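Architecture and fold: a report
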Amino acid sequence: MSKSKINVGNFFEDFQLGQVIRHAAPRTVWPGDVSVYTALYLPRFAVQSSRAFAQAIGYQDAPVDDMLVFHLVLGKTVPDVSLNAIANLGYADFKFIRPVYYGDTLSATSEVIGLKENSNKETGVVYVRTTGSNQRGEPVLAYARWVMVKKRDKDAPVGPAVTPELPKSVPPSELGQAVPPIDVSAYDKALAGSPYFWGDYETGEKIDHIDGMTVEEAEHQLATRLYQNNSKVHFNQYYEAQGRFGKRIIYGGHIISLARALSFNGLENVFHISAVNGGRHVNPLFAGGTVFAWSEVLDKAEIPGRSDIGALRLRLVATKDKPCAEFPLNGADGKPDPAVLLDLDYWGVLPR
Amino acid sequence: MSKSKINVGNFFEDFQLGQVIRHAAPRTVWPGDVSVYTALYLPRFAVQSSRAFAQAIGYQDAPVDDMLVFHLVLGKTVPDVSLNAIANLGYADFKFIRPVYYGDTLSATSEVIGLKENSNKETGVVYVRTTGSNQRGEPVLAYARWVMVKKRDKDAPVGPAVTPELPKSVPPSELGQAVPPIDVSAYDKALAGSPYFWGDYETGEKIDHIDGMTVEEAEHQLATRLYQNNSKVHFNQYYEAQGRFGKRIIYGGHIISLARALSFNGLENVFHISAVNGGRHVNPLFAGGTVFAWSEVLDKAEIPGRSDIGALRLRLVATKDKPCAEFPLNGADGKPDPAVLLDLDYWGVLPR
Amino acid sequence: MSKSKINVGNFFEDFQLGQVIRHAAPRTVWPGDVSVYTALYLPRFAVQSSRAFAQAIGYQDAPVDDMLVFHLVLGKTVPDVSLNAIANLGYADFKFIRPVYYGDTLSATSEVIGLKENSNKETGVVYVRTTGSNQRGEPVLAYARWVMVKKRDKDAPVGPAVTPELPKSVPPSELGQAVPPIDVSAYDKALAGSPYFWGDYETGEKIDHIDGMTVEEAEHQLATRLYQNNSKVHFNQYYEAQGRFGKRIIYGGHIISLARALSFNGLENVFHISAVNGGRHVNPLFAGGTVFAWSEVLDKAEIPGRSDIGALRLRLVATKDKPCAEFPLNGADGKPDPAVLLDLDYWGVLPR
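First things first, this report covers the structure right here in the doc. Bear in mind that the values here come from a model prediction, so they are computed numbers and not experimental data.

1. What about the overall build of chain A?
When its secondary structure is counted, chain A shows eight helices and 12 strands. C-alpha atoms of chain A, sized along the principal axes, occupy 65 × 50 × 35 Å. Looking at chain A residue by residue over its 352 residues, the buried ones come to 64%. When the accessible surface of chain A is summed, it comes to about 11700 Å², and 49% of that surface belongs to carbon and sulfur atoms. Computed over 36 positive and 39 negative side-chain charges, the inter-centroid distance for chain A is 7 Å.

Following this line, the structure appears as structure tokens:
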């Protein structure tokens, strides 16, 4: 009786191919979320920082930071998808579709698009396609994600393995959907903080974002609760003291937001993350660590039908307690540098 | 001269029976308070989390979380009522009367309804009835509270002891006042996160809310300042290092809010705390502790005139560093389990 | 190539007399900023705390806290003015000119009004006059500030020394600009928390604000990021561990806001800081320290043309781990008491 009403999360054998999950609970993006988000990361991109700037170039209001939208949508899915996950394996086909403004209410649904039991029969990989929508039911964000989830019962029967086909990258024709037509003549470079537009970046260019940010326990807990992400490993020192690392693990998305904010220095006009091609949390972060970041321009693309904005395919690497003047990624042995936390591949958008 | 303009708080002999205190300073509930509150506790009740959900069922907007309303009202009373309190003894006849929305301004008044000197003549019990009102002067919350307050001068004369009659519980006829008529057909159980309505709970049922939340110094300080609660013991390590515990004491209301948020798992549709029958802070909490919680259904009640909502009388118990699978409350000796922080008796409201 | 797009800040020889810098990035003051600010400092001044109170006396809405306006404007200037500063030397002619309301967007420009190389040729003093403006281009705050900035190259040639003439104090005729006409009859002293108006304070009067507030790492980091102040010394423990103090230095403005909030007890009706005559960060503060504060009335002034409000010239002193019953300032040797953090000279405004 005592646990009958409790959500203990889904185990691998609970998922069914084609199943659609409507996640609880919808979440209004309050006009205070931007303040807490700013206090957590120090973002400075002018379009999100200033209503006046955003409206001058064509937005109806300052849009909500892309990563805040992502964190809120992901947070909804945790109780159903990843409460029993032991690894966050990857993202693909991740696109922002519409701008989100303060006052909008976000909800999320996920469709199970793949299931593959591991050979140890103790875990399996669950693939979902998650869509975040606003209060009008319009999609604002969609992505595929796959996580390794525990089985409740090793002997539980499971269906045949199905692995979905997922694109290696989001094609340029699908970029910029969440960006209204921009009046580039009204985009004030001095106010934005940089003279560099799309044409000024070159493929292969690397940028050390130089600054670092130390993370405290209270900070990552505040962040992850703000996103209503109730994954157990972030908040419960009583259990984590007995766990793998002996301490609370910082939500991987916290590192993405920190690295994104640090990347302002050098990418000031890349005001929007339009799509994520893939990404990996290479190592966990714990409180007390200092996050540094660097970027590499992997590719450049024109966006069909858009003369106002162009896209840069960017690798964003975050490290722990290691400045990035030498762009740390892999060691001499080809394995990831143990200081690397994050290796993210995304399309950023900026004026042309 | 130096201290003449300073508020050092009232001592027991400063209170007069029947005295009405208008508390400083009024406080607008800003649209950012919900963000900070969410970042502090991870509440997920759909009515407060989503404007769209709240409006669909009949609220004019997402209402402010009940406990946030309480903390703000209580905070106003601290400088006048409890700055020299050494114990927070109890609450009774505690009712939410009207919904509060972002943009409303709360103020508070307290009437002294009882005074009883202790036999040691060093302290006395002060009973107040506090009313929180909005900017239109409409009451939104009322409660009786009693605290043990120091005397400034042991020899100061005091009046005869007066102990007010207070109800043991709030009757069902007084519940639901802050809930507009609910369109239950528009209440989306999947979005709210649970299929269980009023009819699905039984008296005697116990629920272990399973999750735990570790509290950091910065977090409880942010919370208590948000509520403008200037009680000295929460913020001043310089003094507390020399005090009873050697460290800052976490505001008891912080524990209530944490336990309430944890109780979402199992009580997802209990979207409103309508009344508090009584409650006790059994032990103090300090930073670093992990809070767990469990609930018991003490009683069920129909609310006269309301076919949309019903009430559950709930015991909410919070513990420190002790999971609640076995519902810890009292030890074998009948004394409270030393892990118990809070024992709260309230009426929660949910759809029928 | 790797650093070509990076802002490493200006060095002394990069500044030119008369140069005007438009700072990135504009920042909307969100309705959530007041919540985070309240959670950080526990301000209780009724005019800023309550929209209803502010509107009753003549404001169009609750104005944004003066110090929050200052922090946001200063934050904008850091990347251009003080990223390579090693000392924040002073402020003068610091005036609030218009009220700021939530929803306004602040931007900032600075003019270089003085340059003076130090005799060691390794550093120089840069004087700027900074103006913060709203989205209509109306100035809301202006101040002169001077900082000691490193030279990139000791041998770089610099121009002749120019030291601007700056007033020792702001004259009363320039006070109250950001305060609309106040209906003093509607100013409710009980709600504001004190019966003392302008006529009740005397020159020479000292007030011990009695309370103290301990500062955590997460708190000052949240604050300084909220202000988008990216000064390196506040966030990066990796570098600071190797630095002067071995730890992160708390932003001096954080101390001003703490001391201002503590000063409520005794100065409840001094609802506005109208001007700053000067100020000094006497010693640095680190996390774990407890801040206390005291004030002295240095002078009183009528404001020409205003019968509603008057001005008090106040010294606000903050200390670390030292209660202020004896108003610590200088030691027996005439040198500053090592516990003193801040010595601020400002004009506060209150009803007459």
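2. Considering the relation of the copies chain B and chain A
One copy of the chain maps onto the other through a rotation about an axis plus a displacement along that axis. Mapping chain B onto chain A leaves a residual RMSD of 0.0 Å; the transformation is a rotation of 120° accompanied by 0.0 Å of translation along its axis. Given the turn and translation reported, the copies of this chain are related as if by a three-fold rotation axis. Every residue of chain B has its C-alpha some distance from the rotation axis, and the shortest such distance is that of Gly32 of chain B, at 2.1 Å. Here only 10% of the contact residues of chain B are again contact residues in chain A; the copies associate through non-equivalent surfaces.

3. Topic: the pairing of strand β9 (residues 272–281) of chain C
Residue and element names in this part refer to chain C. Judged by how many residues are buried, β9 sits mostly within the fold: seven of 10 residues are covered. As defined by bridge partners, strand β3 (residues 85–96) adjoins β9 across two bridges and the pair is classed as antiparallel. When the sheet's bridge partners are listed, Phe94 is paired in β9 with Val276. As paired elements, β9 and strand β12 (residues 340–351) share eight bridges and run antiparallel to each other. Considered in β12, the bridge of His272 is made with Val349.

4. With respect to the packing of helix α6 (residues 217–226) of chain B against helix α6 (residues 217–226) of chain C
Taken N-terminus to C-terminus, the directions of α6 of chain B and α6 of chain C make an angle of 60°; their axes are 8 Å apart at the nearest point. Considered as vectors, α6 of chain B and α6 of chain C are oriented oblique to each other. Within the contact between the two elements, α6 of chain B uses Glu217, Ala218, Gln221, Leu222 and Arg225 of chain B and α6 of chain C uses Ala218, Glu219 and Leu222 of chain C. A breakdown of the residues in the contact of α6 of chain B with α6 of chain C according to their chemical character gives four nonpolar, one polar and three charged.

5. Describing the pairing of strand β10 (residues 290–303) of chain A
All names here are of chain A. Along β10, 10 of the 14 residues are buried, which leaves the element largely enclosed by surrounding structure. In the sheet, strand β7 (residues 206–208) pairs with β10 via three bridges, with the strands oriented antiparallel. Note on β10: the bridge partner recorded for Ile207 is Ser295. The pairing of strand β8 (residues 213–214) with β10 spans two bridges and is antiparallel. From the neighbouring strand, Met213 faces β10, where its bridge partner is Val291. The pairing of β10 with strand β11 (residues 306–320) spans 12 bridges and is classified as antiparallel. Across the sheet, the residue bridging to Ser295 is Leu316, located in β11. Two successive antiparallel strands, β10 and β11, enclose a turn made up of two residues, where Gly305 displays a positive phi of approximately 85°.

6. With respect to the packing of α6 of chain B against helix α1 (residues 33–41) of chain C
Two numbers describe how α6 of chain B lies on α1 of chain C: the axes approach to 6 Å, and their chain directions differ by 115°. Classified by the angle between their axes, α6 of chain B and α1 of chain C sit roughly perpendicular to one another. α1 of chain C is crossed by α6 of chain B, and the crossing has right-handed handedness. Contacts from Gln221, Leu222, Arg225 and Leu226 of chain B of α6 of chain B reach α1 of chain C at Ser35, Thr38, Ala39, Leu40 and Tyr41 of chain C. Partitioned by chemical class, the residues of the contact of α6 of chain B with α1 of chain C number five nonpolar, three polar and one charged.

7. Digging into the interface of chain B and chain A
Residue-level contacts link 52 residues of chain B with 40 residues of chain A. Buried surface at the junction of chain B and chain A, summed over both partners, amounts to about 3800 Å²; 59% is from carbon and sulfur atoms. One can count five salt bridges joining chain B with chain A. Taken together, the links from chain B to chain A amount to 20 residue pairs in polar contact (both at pLDDT 80 or more). Of the residues forming the side of chain B that touches chain A, the biggest block, seven residues, is contributed by helix α1 (residues 33–41) of chain B.

8. Looking at the nonpolar core
In this structure, Phe70 of chain A, Phe70 of chain B together with Phe70 of chain C are the most contacted members of the largest nonpolar core, which totals 273 residues. Apart from residues lying up to four places away in sequence, Phe70 of chain B is in contact with Tyr91, Phe94, Phe96, Leu141, Tyr143 and Tyr251 of chain B.

9. Re the side chain of His272 of chain A
Inspection of the secondary structure puts His272 of chain A in strand β9 (residues 272–281). Apart from the residues lying within four places of it in its own chain, the contact partners of His272 of chain A are Asp66, Phe96, Ala178, Val179, Arg260, Trp347, Gly348 and Val349 of chain A.

10. Quick notes on the packing of aromatic side chains
Inspection of the entire model under this criterion finds 61 aromatic pairs over all chains. A ring pair is formed by Tyr238 of chain A and Phe292 of chain B, whose centres lie 5.5 Å apart and whose planes are at 85°; its orientation type is edge-to-face. Placement of Tyr238 of chain A in helix α7 (residues 237–240) and of Phe292 of chain B in strand β10 (residues 290–303) is noted, with the two residues assigned to different chains. We classify Tyr238 of chain A as partly exposed; its relative accessible area is 27%. Classification of Phe292 of chain B by relative accessible area gives buried; the value is 1%. A centroid spacing of 6.3 Å and a plane angle of 40° characterise the contact between Tyr187 of chain B and Phe271 of chain B, whose relative ring orientation is tilted. Taken together, the residues span a long stretch of sequence, with Tyr187 of chain B in the loop between β6 (139–150) and α5 (189–192) and Phe271 of chain B in the loop between α8 (252–262) and β9 (272–281) at a distance of 84 residues. Given a relative accessible area of 1%, Phe271 of chain B falls into the buried group. It is Lys5 of chain A that lies over the ring of Tyr196 of chain B; its NZ or CZ is 5.0 Å from the centre. Here Lys247 of chain A stacks its cationic end above the ring of Phe286 of chain A, 4.8 Å away from the centre of that ring.

11. Brief notes about helix α8 (residues 252–262) of chain A
Burial analysis of α8 of chain A places 11 of its 11 residues in the buried class, which makes it a mostly covered element. Of all the residues in α8 of chain A, the buried ones are Gly252, Gly253, His254, Ile255, Ile256, Ser257, Leu258, Ala259, Arg260, Ala261 and Leu262 of chain A.

12. Quick word on the relation of the copies chain C and chain B
Between chain C and chain B, which share one sequence, the superposing operator has a rotation angle of 120° and an axial displacement of 0.0 Å; the RMSD is 0.0 Å. The overlap is low: 10% of the interface residues of chain C also sit at the interface in chain B, so different surfaces are used on the two sides.

13. Here we look at the interface of chain C and chain B
Taken together, the 52 residues of chain C in the interface contact 40 residues of chain B. Note on chain C versus chain B: buried area summed over both sides is about 3800 Å², and carbon and sulfur give 59% of it. Counting the contacts that link chain C with chain B gives five salt bridges. Seen at the junction of chain C and chain B, the total is 20 residue pairs in polar contact (both at pLDDT 80 or more). Of all the secondary-structure elements, those providing two or more residues to the side of chain C that touches chain B are α1, α2 (46–49), α3 (51–57), α5 (189–192), β7 (206–208), β8 (213–214), α6 and β10 (290–303) of chain C. The greatest single-element share of the side of chain C that touches chain B, amounting to seven residues, is contributed by α1 of chain C. Of the residues that constitute the side of chain C that touches chain B, the class distribution is 26 nonpolar, 14 polar and 12 charged.

14. Quick word on the pattern of salt bridges
Residues and elements named next belong to chain C. Applying the stated rule across the entire model yields 64 salt bridges over all chains. One salt bridge connects Asp61 with Arg51, and the closest N-O pair in it is separated by 2.8 Å. Note that Asp61 is positioned in the loop between α3 and α4 (66–82) and Arg51 in helix α3, a separation of 10 residues in sequence. Its salt-bridge partner being Asp345, residue Arg313 comes within 2.5 Å of it at the nearest N-O pair. Taken as a pair, Arg313 in strand β11 (residues 306–320) and Asp345 in strand β12 lie far apart in primary sequence, 32 residues in all. Each member of the pair, Arg313 as well as Asp345, carries the same accessibility label: buried.

Analysis parameters
- Residues numbered from 1 in each chain as written.
- Chains lettered and ligands numbered in written order.
- Predicted model: local features only at pLDDT ≥ 70, side-chain atom pairs only at ≥ 80, totals over all residues.
- Heavy atoms only, no water.
- Helix = DSSP H or I, 4+ residues; strand = E, 2+ residues; numbered from the N terminus.
- Buried < 20%, exposed > 50% of the residue type's maximum accessible area, 1.4 Å probe, protein only.
- Areas by Shrake-Rupley, 256 points an atom, 1.4 Å probe, with all protein chains shown as cover.
- Lys, Arg positive; Asp, Glu negative; His and termini not counted.
- Charge placed at Lys NZ, Arg CZ, Asp CG, Glu CD.
- Least-squares fit on C-alpha atoms with pLDDT ≥ 70 in both.
- Contact = heavy atoms within 4.5 Å.
- Pairing = 2+ DSSP bridges.
- Axes fitted to C-alpha atoms, helices over the stretch in contact; angles between N-to-C directions.
- Parallel < 35°, antiparallel > 145°, perpendicular 65-115°, else oblique.
- Nonpolar A, V, L, I, M, F, W, Y, C, P; charged D, E, K, R; others polar.
- Left-handed = near helix turned anticlockwise from the far one by under 90°.
- Buried area = accessible area lost by both parts, 1.4 Å probe.
- Salt bridge = Lys/Arg side-chain N within 4 Å of Asp/Glu carboxyl O.
- Polar contact = N/O pair within 3.5 Å; in protein donor to acceptor, adjacent residues only side chain to side chain.
- Core = buried A, V, L, I, M, F, W, Y, C linked by side-chain atoms within 4.5 Å.
- Phe/Tyr/Trp six-rings, centres within 6.5 Å; stacked < 30°, edge-to-face > 60°.
- Lys NZ or Arg CZ within 6 Å of the ring centre and 35° of its normal.

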